[in-house]
Amino acid sequence: MKASEKVYDFIIIGCGPTGSTAATYLARLGYSVMVFERTKFPRQHEGESLLPFCYPLFKELGVYDEMKTKFVKKPGVRFLNYTDTQSATYCFQNIITDESKLSFHVLRSEFDLMLMNNAIKNGAAVMQETKVESVNLKREDKLVDVVTTDTEGNKTEWCARFLIDASGQDTFLAKRSGAKNAYKELDRTAFLTHWEGGEYTDGLQVGLLQLVYLNDKKSGWFGVQPVGKDRLSVGLVVNRQYIKEQKKILTDKGIKDWQMAFYKQEVEECAFTRRILANAQIIQPLLIVSDYSYYTEKPWGDNYALLGDAGKFLDPIFASGVYLGMNSAKMFAEAIHVKITEGEEAGAVQLEHAYKHINGAYELVEKFVNIFYDPNSFNLADAPPDAESKYKNYETAFSLVHYLLAGDFFNNYDKYSGFLDMLRNPDQFQRWRALSRSRPSLNTPTCDSDFNEIFGDILDELVPAAPGKEEAHKLVLKGKGQEA
Ligand SMILES: Cc1cc2nc3c(=O)[nH]c(=O)nc-3n(C[C@H](O)[C@H](O)[C@H](O)COP(=O)(O)OP(=O)(O)OC[C@H]3O[C@@H](n4cnc5c(N)ncnc54)[C@H](O)[C@@H]3O)c2cc1C
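This one's a predicted model, so the numbers in the text were calculated from it and none came from an experiment.

S.K.: Lay out the overall build of the protein chain in plain terms, naming residues and giving numbers.
M.R.: Check the secondary structure of the protein chain and you find 15 helices and 22 strands. Relative to its full complement of 484 residues, the protein chain shows a buried share of 58%. Across the protein chain, the fraction of contacts at a sequence separation of at least 24, relative to all contacts at a separation of at least 6, is 77%. For the protein chain, the computed accessible surface area is about 19900 Å², with 49% contributed by carbon and sulfur atoms.

What follows is the structure in structure tokens.
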């Protein structure tokens, strides 16, 4: 069925943070925008810890005040070693003096719903439970045909001047064009769920994101963060070879639900998660994401662009994905507007500029991620309390690591990239250690925040009711999860 003869300026696939940000900016500029979202919101999603550098976006989008009443604040990041004997806390207040020194941990169900409603409020149309089935980008007149299906399987045809693929890990266009490439060295799988009854200690009571280095064989990490007053999100990332070995051991024992058994086993083996989750229970289905770390050769063309996870996905250790996607969407919307209003030439310059910065940001994060996994490189948990005070000389290096953890990816990627190279040099690294060891604040999991400042504004009724026990033990598999 043809929906109508209407030609939209933009059709967007997916209403995650990237899609809804693009939709809001474009609708505000006066374009007709239609977003198709396969699921019905609110829906569960991974990616809950946000970076201070998102603040200008939240303010421009007009959602900041709402966020303050909905989400837990995040004053910084604490890195821990596997045995729970060494840690270092990086507080955003060391480099940021305004309110963005407190970032957010969000329930993605609520966050994505809020952003979708905001896009609608700003003039975009959104159709939920509507899946994009196919697109044709090769019409002679450069218009784009889109075919969707609803939940009953009814097909509808649509038309637009431009297609934005913000389909996330579904990678709608990249999969169909064969342009998707894996980062083989980052081949890992993530398992994530929420727990109730966990201990709010070690900085969790003041909102610190906790990142635990897993030992060499597992080559991964645990990420633990409070997303409510009694709701801890606990994500595990491990390399696929290790999972394969463990799968065999568990299934040989006759365990059918081996993924859940594996996740619980890892929680037990890691000193920090074992301690804080000793009396806690799982309250949400286990989400498994195994289509991990990829990039697309050519993420844009005359009548289409791939934004956010639809084009590129990097290991989420530095909680970068939402900001990378949302800021790319804003930069793209502004650049395409120049193309439409000022002509091809000016538009091409603007788009090149936007994509240069987007690529620079992703490449910087990729380098930071690779350093995290390099056992010979610097370890962010390595800041024992007994060292001398030498840091003054290395204030710049100290600040740069904080800026990276806060999300300063788009403007200074060249500078930071050089800095990361420098830290890979063993001599320079020793100087960094001297610096980081001597910072007393690195060893104190507080960031000067208290419970009320972090949790006080959250309206309790906004935290979704926990599903029943049966529901909580279901699995949600994404990507190649079945084979993990
Ligand atoms: C374990 C894990 C932990 C993470 N932690 C963090 C974190 O702490 N902080 C952070 O910033 N990032 C994190 N990320 C990354 C983050 O989840 C993503 O980068 C972010 O969600 C990308 O947003 P997006 O809008 O591009 O895609 P998504 O949020 O995935 O949205 C895509 C949307 O498109 C819809 N869609 C897909 N196909 C179709 C179709 N054919 N038709 C219609 N709709 C479709 C989907 O239903 C979905 O709603 C994490 C990722 C993982 C795997």
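Moving on, there is more to tell.
S.K.: An account of the packing of aromatic side chains is needed here, citing residue identities and associated values.
M.R.: For the structure on display, the rule yields 28 aromatic pairs. Measuring from ring centre to ring centre gives 5.6 Å for Phe-162 and Phe-332, while their planes differ by 40 degrees; the resulting arrangement is tilted. With Phe-162 in strand 10 (residues 155-165) and Phe-332 in helix 9 (residues 321-342), this residue pair connects regions lying 170 residues apart in the sequence. When the centroid spacing of 6.1 Å and the interplanar angle of 85 degrees are considered together, the rings of Phe-318 and Phe-372 count as edge-to-face. On the criterion of sequence distance, the pair formed by Phe-318 in the loop between strand 21 (312-313) and helix 9 and Phe-372 in helix 10 (residues 344-373) is long-range, its members being 54 residues apart.

S.K.: Provide a residue-level description of the site of the ligand, including the pertinent values.
M.R.: Around the ligand there are 34 residues in total, and Glu-37, Arg-43, His-45, Ser-49 and Val-322 lie nearest to it. The separation between an oxygen atom of the ligand and a polar side-chain atom of Glu-37 is 2.7 Å. Here His-45 contributes a side-chain N or O atom positioned 2.8 Å from an oxygen atom of the ligand. Residue assignment for the shell around the ligand shows that the elements contributing at least two residues are helix 1 (17-28), strand 8 (131-136) and helix 9.

S.K.: Give me the lowdown on the pattern of salt bridges, citing residues and values where you can.
M.R.: A full pass over the atoms with the stated rule returns 22 salt bridges. In this structure, the salt-bridge partner of Lys-70 is Glu-66, at a minimum N-O distance of 2.9 Å. Of the two residues, Lys-70 and Glu-66 both sit in helix 3 (residues 64-70), four residues apart, roughly one turn of that helix. Residue classification places Glu-66 among the partly exposed residues on the basis of a relative accessible area of 34%.

S.K.: Tell me about the nonpolar core, and name the residues and values.
M.R.: In terms of nonpolar packing, the biggest core is built from 137 residues, with Val-33, Phe-58, Met-67, Phe-79 and Phe-111 touching the most fellow members. Of all the elements, helix 10 adds the most residues to this core, at 13 residues. Excluding residues within four positions of it along the chain, Phe-111 makes contact with Pro-17, Leu-50, Phe-58, Met-67, Phe-71, Val-106, Val-322 and Met-326. Counting residues in hydrophobic clusters, the runner-up holds 16 residues, among them Trp-158, Phe-172, Leu-173 and Leu-306.

S.K.: Can you lay out the pairing of strand 14 (residues 221-228) for me, pointing to particular residues and giving the numbers?
M.R.: The buried count for strand 14 comes to eight of eight residues, which makes it a mostly enclosed element. Taken together, the four bridges between strand 13 (residues 209-213) and strand 14 define a ladder with antiparallel strand orientation. If you follow Leu-211 over to strand 14, its bridge partner there is Gly-223. In the sheet, strand 14 pairs with strand 15 (residues 231-239) via seven bridges, with the strands oriented antiparallel. Its bridge partner lying in strand 15, Gly-228 is registered against Arg-231.

S.K.: Give a description of helix 4 (residues 108-121) that names residues and reports values.
M.R.: One turn of an α-helix holds 3.6 residues; hence residues three or four places apart share an orientation. Helix length check: helix 4, at 14 residues, gives a terminal C-alpha distance of 19 Å against a target of 20 Å (1.5 Å per residue), a fit within 8%. In terms of residue burial, helix 4 counts as a mostly covered element, since ten of its 14 residues are buried. All buried positions along helix 4 are accounted for by Arg-108, Ser-109, Glu-110, Phe-111, Asp-112, Met-114, Leu-115, Met-116, Asn-118 and Ala-119. Residues of helix 4 that are buried sit in contact with helix 1, helix 2 (55-61), helix 3, strand 7 (125-127) and helix 9. Within two residues after helix 4, Gly-123 carries a phi angle of roughly 110 degrees, on the positive side.

S.K.: Break down the pairing of strand 2 (residues 33-36) for me, citing the residues and quoting the values.
M.R.: Burial along strand 2 is two-sided: Val-33 and Val-35 facing one way and Met-34 and Phe-36 facing the other are all buried. As paired strands, strand 2 and strand 7 are joined by three bridges and run parallel to one another. Of the residues in strand 7, the one forming a bridge with Val-35 is Val-126.

S.K.: So what's going on with the side chain of Thr-18? Residues and values would help.
M.R.: Mapped onto the fold, Thr-18 is located in helix 1. Here Thr-18 is in contact with Ala-166, Leu-307, Gly-308, Gly-325, Met-326 and Ala-329, once residues within four sequence places are set aside.

S.K.: So what's going on with the environment of Phe-58? Residues and values would help.
M.R.: Positionally, Phe-58 belongs in helix 2. For the pair formed by Phe-58 and Leu-115, sequence separation is 57 residues and the distance between their alpha carbons is 9.5 Å. Dropping the residues within four chain positions of it, Phe-58 is found in contact with Leu-50, Val-63, Tyr-64, Met-67, Phe-104, Phe-111 and Met-326.

S.K.: Describe the packing of helix 6 (residues 240-252) against helix 7 (residues 258-269), naming the residues involved and giving the relevant values.
M.R.: Packing of helix 6 against helix 7 leaves a shortest axis separation of 10 Å and a crossing angle of 110 degrees. With respect to helix 7, the axis of helix 6 lies roughly perpendicular. The chirality of how helix 6 crosses helix 7 is right-handed. In this structure, helix 6 contributes Tyr-242, Ile-243, Gln-246, Lys-247, Leu-250 and Thr-251 to the contact, and helix 7 contributes Trp-258, Ala-261, Phe-262, Gln-265, Glu-266 and Glu-269. For the contact of helix 6 with helix 7, the per-class residue count stands at six nonpolar, three polar and three charged.

S.K.: Lay out helix 7 in plain terms, naming residues and giving numbers.
M.R.: For helix 7, built from twelve residues, the straight-helix expectation of 16 Å at 1.5 Å per residue is met to within 8% by its first-to-last C-alpha distance of 16 Å. What helix 7 keeps buried is the set Trp-258, Gln-259, Met-260, Phe-262, Tyr-263, Gln-265, Glu-266 and Val-267.

What counts and what doesn't
- Residues numbered from 1 in each chain as written.
- Predicted model: local features only at pLDDT ≥ 70, side-chain atom pairs only at ≥ 80, totals over all residues.
- Heavy atoms only, no water.
- Helix = DSSP H or I, 4+ residues; strand = E, 2+ residues; numbered from the N terminus.
- Buried < 20%, exposed > 50% of the residue type's maximum accessible area, 1.4 Å probe, protein only.
- Contact = heavy atoms within 4.5 Å.
- Areas by Shrake-Rupley, 256 points an atom, 1.4 Å probe, with all protein chains shown as cover.
- Phe/Tyr/Trp six-rings, centres within 6.5 Å; stacked < 30°, edge-to-face > 60°.
- Near = heavy atom within 4 Å.
- Polar contact = N/O pair within 3.5 Å; in protein donor to acceptor, adjacent residues only side chain to side chain.
- Salt bridge = Lys/Arg side-chain N within 4 Å of Asp/Glu carboxyl O.
- Core = buried A, V, L, I, M, F, W, Y, C linked by side-chain atoms within 4.5 Å.
- Pairing = 2+ DSSP bridges.
- Expected span 1.5 Å × (residues − 1).
- Axes fitted to C-alpha atoms, helices over the stretch in contact; angles between N-to-C directions.
- Parallel < 35°, antiparallel > 145°, perpendicular 65-115°, else oblique.
- Left-handed = near helix turned anticlockwise from the far one by under 90°.
- Nonpolar A, V, L, I, M, F, W, Y, C, P; charged D, E, K, R; others polar.

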